[in-house]
Every structure is written in structure tokens, then in C-alpha cells.
Amino acid sequence: MAEDKFTAIIVGAGPAGSTAAMLLAREGHEVLLIEKGASPGTKNMFGGRLYSHALNRIIPEFWEEAPVERAVAREIVTFLNDGQAVSLNCHNADWARPPYHSFTLLRAEFDAWLASKAEEAGAMLACNIRVDDLLAENGKITGIRAGEDEMFADVVIAADGVNSIIAQKAGLSRMFSARQVATGVKQIIELPPETIEQRFQLNGGEGAAQLFVGDCTKGLQGGGFLYTNKQSVSLGLVVNSADLEHSRQKAPDLLEDFKSSPHIVPLIEGGEVVEYSAHLIPEAGIGMMPRVFGDGILVAGDAAGFVLNLGYVVRGMDFAIASGEAAAKAVMEAKRQNDFSRRSLGVYHKLLEESFVLRDLEAYRRAPEFMENRRLYESYPDFVTSLVTNLFTINGGRPAHLYSKILSQMKQSKINPAKLAVDSWRGATWL
Amino acid sequence: MKRLSAEQLLGLDKFLVDDDEGHIRLNKEHCRECAAKPCTIACPAGLYTIRDGEISFDYAGCLECGTCRVVCPKSGVAIIWNYPRGGFGVQFRYG
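Everything quoted here is computed from the prediction, not taken from an experiment.

Engineer: In this structure, what is going on with the interface of chain A and chain B? I would like to understand it.
Structural biologist: A common way to state how big an interface is: give the accessible area lost once the parts meet. Contacts between the two partners involve 44 residues from chain A and, on the opposite side, 32 residues from chain B. With eight residues, the top contributor of residues to the side of chain A that touches chain B is strand β15 (residues 272-282) of chain A. Within the side of chain A that touches chain B, the residues separate by chemical class into 21 nonpolar, 13 polar and 10 charged.

This is the structure:
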């Protein structure tokens, strides 16, 4: 069997898996990258944006060849409440110049490209294969089984996404709870590029990223998102999966309601829906991280829960790429020692700590707890939208100074000042 | 923009349906005892419906997100979840 044995079998050709495969193959290791889809990316979806920094270190100036959509130059956070919307709108032209800060992109195309980079480096890509089980000998993972086929490796890297069947089979992670994940639903709506640029006030090639909080989720924990692609927008909702069970409407109807709100209609008017997709998002941060290494196995990307949601910033792909990089380095180190035991592969955890992956997830350890606060989805958006609307309303009524307007709106929106103070402090120190 | 039903939305997607093997199996005797049936609300594809008082599920339009697996109070027993066999199932053209 020795000649058939790979240094690494990587399950899942998403950003974590393809990055690990590419880096190992670059150093001349025998790598098998297995993908269950007909081609990489066909099973993947996300909201819409990649922060460039992690990939730019691995493939400098990747944007010159990667299928990216728009460089995000406009960030918008919008509070919604019925007919009212209040936005924070930030435009920075520098974000749309090299080294581009972030890009919107579409996963079917992008993931296929990244996997092709792994192939170019010498990795073997095998699509249309669902890994059914792990092979083990004396407690050490020695390979994978797919149908009748068995394949062997020094290390298996589970980069199989949020549902992480492989890490669960390895006994590294338990099934997560509905509270720890969110369900994302998204529609791709095609629009002419000029229309997108006019509607979002973008210079040619620039993109916008907009997050929504408020009644778009009808009081459920979560929010809306809109990312502009070259000739489409990605519009969707993310709702905590435990909350979604208690929704009065089915998930696809929630998104249709959001689409018909007066704040969204003018943005997508005349567009054509060309795809509908859904995906789980690991949202519990470091609190849901499995054991990321075992005897002969590593876990990377969404499978390890490496996603960060701060409400105004959502990150996943940069963590996936950097964890794939750390996994590749850990395998190389283990190969040098010719020791693929849990103890030896523990270097992976150290590499994650030294990289931004665990540094950032640790720094924002309490963000998921902050996001569970109902007031973020009900009373606060109500307060913000009503207050700001009031400030701009002139109707011949008795004048009131800002202070009294704020106090009276707090009363109307049922804002408890003590809780607001605590929430503000937590927001300022946890996010 | 006119409102789209779950069926119409799924009609936009590309699927390669595995006629020989359903990737998600239900043990309906457990579903009968489940009062809440959260899968019927939470499934983004709206594939879990109640017909004649009994749960009915069609794997053909599955988006493979895993929501039903995580909301099911008897996950692994009532809903036995897996991805479709290699190459089958939804094929996102955009993602």
C-alpha cells in the first residue's frame, strides 16, 4: 500500500481545504483533495465577501487572476423598523485600491479557481466523491472510505464544512446545538452593472456591503445582508436556527417579506432572481470549537467553527484560508518528525494561536453571547429609527431639545437605561 | 418584484437528483410523537410538509444546509441526515 499512501487526504475543496492542498503540494507532498460536488464550489454559498489579507499572503495579488466580483468601498449598516430605516454609511475609496481590502464574490466560480490553484501546484483533485467514513488503526486515523474505495494518508484534514460529518465521526466534535448555528438563505438577483453602481453610489468596479438589523427578522436573532456583485446582488437573511423554529413564517417566506419591504424594493427593482440557496453558519465562535487535532487528523475552516460575527463585521473565509494554511504547516512539521500522533499534530493549535485565527476568535470570545440579546433585534432598532426619524420631522408641534427627545423616545421604545448602559458597555468591550 | 413561492425558488436551482438513494431518511414513528415539528418551519426549502396529519418530505429540492438536522429534537433518530452521494444533489451555479 505504501506507494498509494498520500501525505494528506483533504476532505472538502472549499477555501480551507484548497489552501491546505495548495501549500502542501507546493512543497512537493502527495495530496489528495476530495470534493463531493461535481466541481469545487457547487455545494458552497456564503453571504458574499472575502477579506483579502489572508489570501494575499499566500497568493500575492490574487485579485489579478481570481474571479472576484467587486472591491467593497462602501459599508452600510441599516436599522430597520417597519417604514423607517436609519443607516450608517461609510465610503472609503482606498478600500477599492490595491491591496484591496475586501471583495464580493460568488463561490461556485471562486472555489473552483482556488482548487485549480491547488491542482496547478500538484495536488490531485477528485470530485463527485462523498467521503463516507474514516479508516483507523490502533486509534489513529489512517485514511478514508468512499463507497467501496479506501484511501490512505499520513493525515486526514477535515475541511468538510459546518456540518462536519468527518470531525464528528473522528469523535473530535459533538453535534452542535441549534443555538450555536444560524441558517442563512440567499437569492442572487441579476441587475445591470450601471444600475448597481447608481443605486449604491459606487464608482466603476466598486462594491457595497450592507447589513440590516431590525424587523427584517421579525424579532428573531439575526439580520439581513446585501452584497453587490458585478451584475447581481446577493440578498439574504441569517437567522439563529433555534430562533427559526419559533418563527411564524417559513424561512423562504421571511426572505420574500424582506424583499418586499420599502427599503429593499428600490434596490432590486427590475432585477431577476436566478438562484436561491441556503447554508448553516457556525456562530458560537470559540465556544463551539471542536478538538481541532487528533491522531492522524486535523479540522479546518467552518468544520472547526472558525466564523466571527460582530454584527457590523462578518468573517469566515479569511479564517478558513488561514486555518488551511496552519493545517498545511502542521502536516509539514509532522512529516519532518515522521510522527502523525495527536501530540505531534498539536502544533496545529499552536499555529492557529500564533495566527490571527485563534487570536481574533479569542479576543471576541464573548461576541456570540452579546448577539443573543433580544434587545438588539427589537427595542434598539425601534429606538434608533424612531428617534432619528423624529429629529428630522417638523410638523408645527412644540419644540423639544435633543435631550428630552431622547428621553421620551427611550420611554416609548421601552428602553431601560440601566440595561442600555450595560449593553453599551458590553458592546464597546466585547465587540 | 413579484413574490416567489418556495417551489418557484427551487425551480431556479440546478439539481441532479439521485433517483436510487434519498440522502435524508425519516423514521416517521418518531415524527408522529413530535408535537413541534420544527423542520416544517425551519427548512429553507420548505420540503417538510404535513399531509393527512403525517410528516411528508421530499429530498429532491434539498439545499443540503443541515437546518433540519440541527432543529430536529430527535436528530439522528427521527431524521437521519447525510449529504447526497458524490455528484448528486444541488449544484449552485453562483453560490
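Engineer: What exactly am I supposed to notice about the nonpolar core here?
Structural biologist: Soluble globular proteins tend to bury their nonpolar side chains together. All names here are of chain A. In this structure, I157 and L298 are the most contacted members of the largest nonpolar core, which totals 163 residues. Among the elements that line this core, the one with the most residues is helix α9 (residues 317-337), at 11 residues. Beyond its immediate chain neighbours, meaning those up to four positions away, I157 contacts A8, I10, V11, G17, A20, L298, A300 and A327.

Engineer: Quick question: what am I supposed to make of the domain arrangement of chain A here?
Structural biologist: All names here are of chain A. Split by domain assignment, chain A resolves into domain 1 (2-69 + 105-176 + 287-354), domain 2 (179-282) and domain 3 (373-430). Contact residues are listed per partner, giving 14 residues for domain 1 and 18 residues for domain 2. Class assignment for the residues of the side of domain 1 that touches domain 2 results in seven nonpolar, four polar and three charged.

Engineer: I would appreciate a short explanation of the environment of G316(A) in the present structure.
Structural biologist: Residues and elements named next belong to chain A. Mapped onto the elements of the fold, G316 is located in the loop between β19 (314-315) and α9. With 23 C-beta atoms counted inside 10 Å, the residue G316 sits in the buried group. Taking the C-alpha atoms as reference points, G316 and F306, separated by 10 residues in sequence, lie 6.4 Å from one another. G316 has contacts with F46, D302 and V307, leaving out every residue within four places of it along the chain.

Engineer: Would you take a moment to explain the pairing of strand β13 (residues 222-228) of chain A for this structure?
Structural biologist: Where a strand is regular, its side chains alternate between the two sheet faces. All names here are of chain A. Of all the seven residues making up β13, seven are buried; the element is thus mostly covered by neighbouring parts of the structure. Side chains G222, G224, L226 and T228 project from β13 onto one buried face, and the interleaved G223, F225 and Y227 project onto a second face that is buried too. Relative to β13, strand β12 (residues 206-214) runs antiparallel, the two sharing four bridges. Its bridge partner being in β13, A209 is matched across the sheet by Y227. Of the strand pairs in this sheet, β13 and strand β14 (residues 232-240) are connected by seven bridges, and their pairing is antiparallel. Directly across from G223, in β14, lies its bridge partner V238. Hairpin connection of β13 to β14: three residues between the antiparallel strands.

Engineer: Just to check I follow, could you spell out the confidence of the model for chain B for this structure?
Structural biologist: Averaged over every residue, the pLDDT of chain B is 95; the share at 70 or more is 100%. Interface predicted TM-score (ipTM) for the complex: 0.98; the corresponding pTM is 0.97.

Engineer: Explanation requested: helix α12 (residues 356-363) of chain A in the structure shown.
Structural biologist: Residues separated by three or four positions in an α-helix point in the same direction, a consequence of the helix having 3.6 residues per turn. All names here are of chain A. When α12 is considered as a whole, its buried residues turn out to be V357, L358 and L361. Seen along its axis, α12 keeps its buried residues to an arc of 80°; they face one direction. Next to the buried residues of α12 lie β18 (308-309), α9 and α11 (347-354).

How each quantity is defined
- Residues numbered from 1 in each chain as written.
- Chains lettered and ligands numbered in written order.
- Predicted model: local features only at pLDDT ≥ 70, side-chain atom pairs only at ≥ 80, totals over all residues.
- Contact = placed C-beta atoms within 7 Å.
- Helix = DSSP H or I, 4+ residues; strand = E, 2+ residues; numbered from the N terminus.
- Nonpolar A, V, L, I, M, F, W, Y, C, P; charged D, E, K, R; others polar.
- Core = buried A, V, L, I, M, F, W, Y, C linked by C-beta atoms within 7 Å.
- Buried ≥ 20, exposed ≤ 12 C-beta atoms within 10 Å, placed from the backbone.
- Domains from an automatic or database assignment.
- Pairing = 2+ DSSP bridges.
- pLDDT = per-residue confidence, 0-100.
- Arc of directions from axis to C-beta.

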